[in-house]
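# Secondary and tertiary structure notes
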Amino acid sequence: HKFSANDVIVITLQPRGTGDFLGVSSLPTNKDAVLVEARVLNIGPSYVDVAIPAGKFSTAFGPASNNVGDEGKGDPSLRVRVDRFFSDVPFKRMAAALGQLTSVQQNGEVPVSNPKFDKRVGGFQMDNLLKEAILSTFAIKDETNILLDGIENPSLGDLPKKLAKPPLPASIQWADQVMAYIKANPSQLFPVYNEPQLTAIRSALTRRLTLIQGPPGTGKTTVAGSVAFGFVHQCRKISPHCKVLATAFSNVGADNMAEKFLSLGLKVVRVGKPSGVSESLWSYTLDAAIQRDPNAQHAMNVAAKVSAKVKKQSTDTKSRRSSKQSPSAERAKRDAVTQAVKDSIQACNIAATRALREADVIVSTSVGAADAQLLAACGIYPEEDEQDSQKKSNNL
């Protein structure tokens, strides 16, 4: 199995036992499927320990065959299918983000939720006003919220006014330039917007935080494209290294935004696993950028050849028992493989960083915004990613 601790899994009943493993009725996507969600606690070569909310398993499947409770033991022929529903990677990223968001600032210093991690990256700095907006508006109308105990009329105070102020001194001037261009539409890139849509675009370009709401078909994605167009204009005014990050809750939403940005002539990089990205956008992914980079391809070819050569020599040596190599020679071979793998990883990171820095807009899912290559382009190297790279070189 390939499960990891903290993975969220789906356990689905197999109606006809083990012979139904690949049947349509056994899939968790089947409308009649009997299933429960669980979380992986521990794993081993031949077992997976999971945690399930009390009573959920017996309600869905009946008592387990090894049950020791009052319900007695269940059917020993019971069979279930287990699928990973939610990886532990997004779980860890969201937990780290919540830790940064809810950590308390002390003595004017940047909050540190994980000293071991933040010591390496210098701390993630978040706009304190946006942080205040998120925390202050949480359940402000909820009478059961313990944070509001003793407060008769909870109020946001002057927070809305602060959020409505321009983030930069020239924000209004640059926004006016963008709005004039959109209305003139010399290249016929934009549709004819109505007044609410134009107001939404200008608000997004001149305020610290803007929420745009509307039912399906009201042009939210189209408006988002023009907002990104305006942000790119502002970024170019600030610095050639300033980029726009656009995120969506799902891969489908991120793909829709990326396609809209491309239609406006913006340079886009779509960050995320290739399997989750639309096939039409593959050439805009980091994997495609690495594949196009000659240095990265050369480094990967060298690593593959060195690894294959050392493996063949090791196999040949084992077949000729009398020709054992010295420990120093064996160590030199392992070092050569490790160095070649490290060089290939570095070359791939350089290619990815170059693609990110040449882009106007970087598009990802919200969880994907913590992608290791995206963080590396910002000079952030989480320790866990370095450990993963070391594991890869050891496996090779």
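Residues numbered from 1 in each chain as written. Predicted model: local features only at pLDDT ≥ 70, side-chain atom pairs only at ≥ 80, totals over all residues. Heavy atoms only, no water.

## Quick word on the packing of helix α6 (residues 171-184) against helix α7 (residues 195-206)
For the pair α6 and α7, the least separation of the axes is 9 Å and the interaxial angle reads 150 degrees. Taken together, the axis directions place α6 and α7 in an arrangement best described as roughly antiparallel. Of the two elements, α6 crosses α7, and the hand of that crossing is right-handed. Across the interface between the two elements, Ser171, Ile172, Ala175, Asp176, Val178, Met179, Ile182 and Lys183 from α6 touch Leu198, Ile201, Arg202, Leu205 and Thr206 from α7. (Axes fitted to C-alpha atoms, helices over the stretch in contact; angles between N-to-C directions. Helix = DSSP H or I, 4+ residues; strand = E, 2+ residues; numbered from the N terminus. Parallel < 35°, antiparallel > 145°, perpendicular 65-115°, else oblique. Left-handed = near helix turned anticlockwise from the far one by under 90°. Contact = heavy atoms within 4.5 Å.)

## Regarding the confidence of the model for the protein
On average, residues of the protein score 81 in pLDDT, and 79% of them reach the 70 mark or higher. Here helix α3 (residues 115-121) stands out as the least confident element of the protein, with mean pLDDT 39; α6 is the most confident, with 97. Counting interchain partners and residues more than four positions distant, the pLDDT-below-50 stretch residues 106-123 has 28 contacts. Taken as a whole, residues 384-396 scores under 50 in pLDDT and shows 10 contacts with residues more than four places along the chain or in a different chain. (pLDDT = per-residue confidence, 0-100.)

## Observations regarding the pattern of salt bridges
Using the criterion set out here, one finds 7 salt bridges in the structure. In this structure, Asp83 and Arg81 form a salt bridge, with 2.7 Å as the shortest nitrogen-oxygen distance. Close ionic contact of Asp360 with Arg236 constitutes a salt bridge, the shortest N to O distance being 3.1 Å. Here the residue Asp360 occupies a position in the loop between α12 (327-358) and β7 (361-365), and Arg236 occupies one in helix α8 (residues 220-238), the gap between them amounting to 124 residues. Looking at Arg236, the relative accessible area reads 58%, which means it is exposed. (Salt bridge = Lys/Arg side-chain N within 4 Å of Asp/Glu carboxyl O. Buried < 20%, exposed > 50% of the residue type's maximum accessible area, 1.4 Å probe, protein only.)

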